[in-house]
Amino acid sequence: MTWTTRLRKDAALHGLPPQRTGKRGRPRQKGDRLPALAGLAATAVFTEVTVTRYGKTAAISAAAVTCLWPSVFGTRAVTVVLIRDRSAAGYDLALVTTDTAVAAAQVIERYASRWSIEVAIEDARQVFGAGQARNRTTRAVERTVPFQLACQAITTCWYGHRRPRPRRRGRSPGRAPWYASKAQPSTADMAAKLRRVIIAARSKASRPDQPTAEEISVLRLAWEDAAA
């Protein structure tokens, strides 16, 4: 398993341990302390890479440095990727990964792909109430949270399989003015649609062609009154 995450600005980075000198004693576990990220970006060699992030493909500048982050990963080598996207000098974002075999472009795309996971977690908490159950035991939490995440997945699959008619733009602007330019449904829209379908299914009679008990009672009383 490898880790890919955002790097702290005050991260204490060190160079790789030097080669053994053959002398007696314990060999060095880390190299010399590297400068701060701003200083590291000033001496790093940036190259242009093409990445696809958040649905867009663009060319940016990136630099990769293999080093150590002893306070977090110990003696495990990491790759620091400095991204220069909008700035003319320095860096805009610093990433770190323990997967030293991948290229800088793959690290950037991997970090960007975490956005859909974060949105799903936020929707699970805000829309489906994951984590709101007042559970205190370990087994209760292990049951409740996966069940709520499963409900979210089932709702999304149901909405995609049902393929409801897309909402026309400009429809009911007074009721939902924020939908004027909305093209894709949100998780809240899917949950609201499912609630409406469930309520309609519960309120609708199982056999609409047959009269209900209340309707039969009303007709019987009316017939008795007419016969009297």
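Note: the structure precedes this text.
From a predicted model like this one, the values you see are computed outputs, not experimental measurements.

J.: An account of the overall build of the protein is needed here, citing residue identities and associated values.
T.: The secondary structure content of the protein amounts to seven helices and five strands. Start at the N end of the protein and walk to the C end: the helices and strands fall as β-α-β-β-α-β-β-α-α-α-α-α. Residues classed as buried in the protein amount to 25% of the 228 residues present. A fraction of 49% describes how many contacts in the protein between residues 6 or more apart in sequence connect residues 24 or more apart. When the accessible surface of the protein is totalled, it reaches about 16,900 Å², and 54% of it is carbon and sulfur.

J.: Account for the pairing of strand β3 (residues 56-68), with residues named and values stated.
T.: As paired elements, strand β2 (residues 47-53) and β3 share seven bridges and run antiparallel to each other. The partner of V51 across the bridge, within β3, is A58.

J.: Tell me about the pattern of salt bridges, and name the residues and values.
T.: A complete count under the given rule lists five salt bridges for this structure. Linking R28 and D32 is a salt bridge whose minimum nitrogen-to-oxygen distance equals 3.2 Å. Since its relative accessible area comes to 47%, R28 is described here as partly exposed. Here R53 and D85 are joined by a salt bridge, their closest N and O atoms 2.9 Å apart. Placement of the pair is R53 in strand β2 and D85 in the loop between β4 (77-84) and β5 (93-97), with a sequence separation of 32 residues. Under the relative-accessibility criterion, D85 is labelled partly exposed at 32%.

J.: Please provide a residue-by-residue account of the side chain of D99, values included.
T.: In this structure, D99 sits in the loop between β5 and α3 (104-112). D99 sits in the buried class, given a relative accessible area of 18%. Ignoring any residue separated from it by four or fewer positions in sequence, one finds D99 in contact with T2 and R110.

J.: Give me the lowdown on the packing of aromatic side chains, citing residues and values where you can.
T.: For the coordinates displayed, the defined rule picks out two aromatic pairs. Ring geometry for W158 versus Y159: centroids 6.3 Å apart, planes at 65°, classification edge-to-face. Looking at Y159, the relative accessible area reads 17%, which means it is buried. Its end group placed over the ring of F46, R84 keeps NZ or CZ at 3.8 Å from the ring centre. The ring of Y111 has R114 lying over it, and the distance from NZ or CZ to the ring centre is 4.3 Å.

J.: Run through helix α6 (residues 187-203), naming residues and quoting values.
T.: Over its 17 residues, α6 extends 24 Å from the first C-alpha to the last, a length consistent with the 24 Å expected when each residue adds 1.5 Å. When α6 is considered as a whole, its buried residues turn out to be T187, D189, M190 and A191. Check the buried side of α6 and you find it contacts α4 (114-126) and α5 (138-162).

J.: Describe the environment of K30, and please don't skip the residues or the numbers.
T.: Looking at the element boundaries, K30 is found in the loop between β1 (4-6) and α1 (37-43). With a relative accessible area of 37%, K30 lands in the partly exposed category. Spatially, the C-alpha atom of K30 lies 9.6 Å from that of L13, the residues being 17 residues apart in sequence. Apart from the residues within four sequence positions on either side, K30 is in contact with H14, G15, P17, P18, L68 and P70.

J.: Can you explain the nonpolar core? Please cite residues and give values.
T.: Core analysis: the largest hydrophobic core is formed by 18 residues, its most contacted members being L7, L13, L37, W69, V80 and L82. Counting only elements with at least two residues in this core, the list comes to α1, β3, β4 and β5. In this structure L82 touches L37, L40, A41, F46, S61, A62, A63, Y91, L93 and A94, once residues within four positions along its chain are discounted. Among the nonpolar cores identified, the runner-up in size contains 14 residues, and A62, I83, A104 and A105 belong to it.

What counts, and at which threshold
Residues numbered from 1 in each chain as written. Predicted model: local features only at pLDDT ≥ 70, side-chain atom pairs only at ≥ 80, totals over all residues. Heavy atoms only, no water. Helix = DSSP H or I, 4+ residues; strand = E, 2+ residues; numbered from the N terminus. Buried < 20%, exposed > 50% of the residue type's maximum accessible area, 1.4 Å probe, protein only. Contact = heavy atoms within 4.5 Å. Areas by Shrake-Rupley, 256 points an atom, 1.4 Å probe, with all protein chains shown as cover. Pairing = 2+ DSSP bridges. Salt bridge = Lys/Arg side-chain N within 4 Å of Asp/Glu carboxyl O. Phe/Tyr/Trp six-rings, centres within 6.5 Å; stacked < 30°, edge-to-face > 60°. Lys NZ or Arg CZ within 6 Å of the ring centre and 35° of its normal. Expected span 1.5 Å × (residues − 1). Core = buried A, V, L, I, M, F, W, Y, C linked by side-chain atoms within 4.5 Å.

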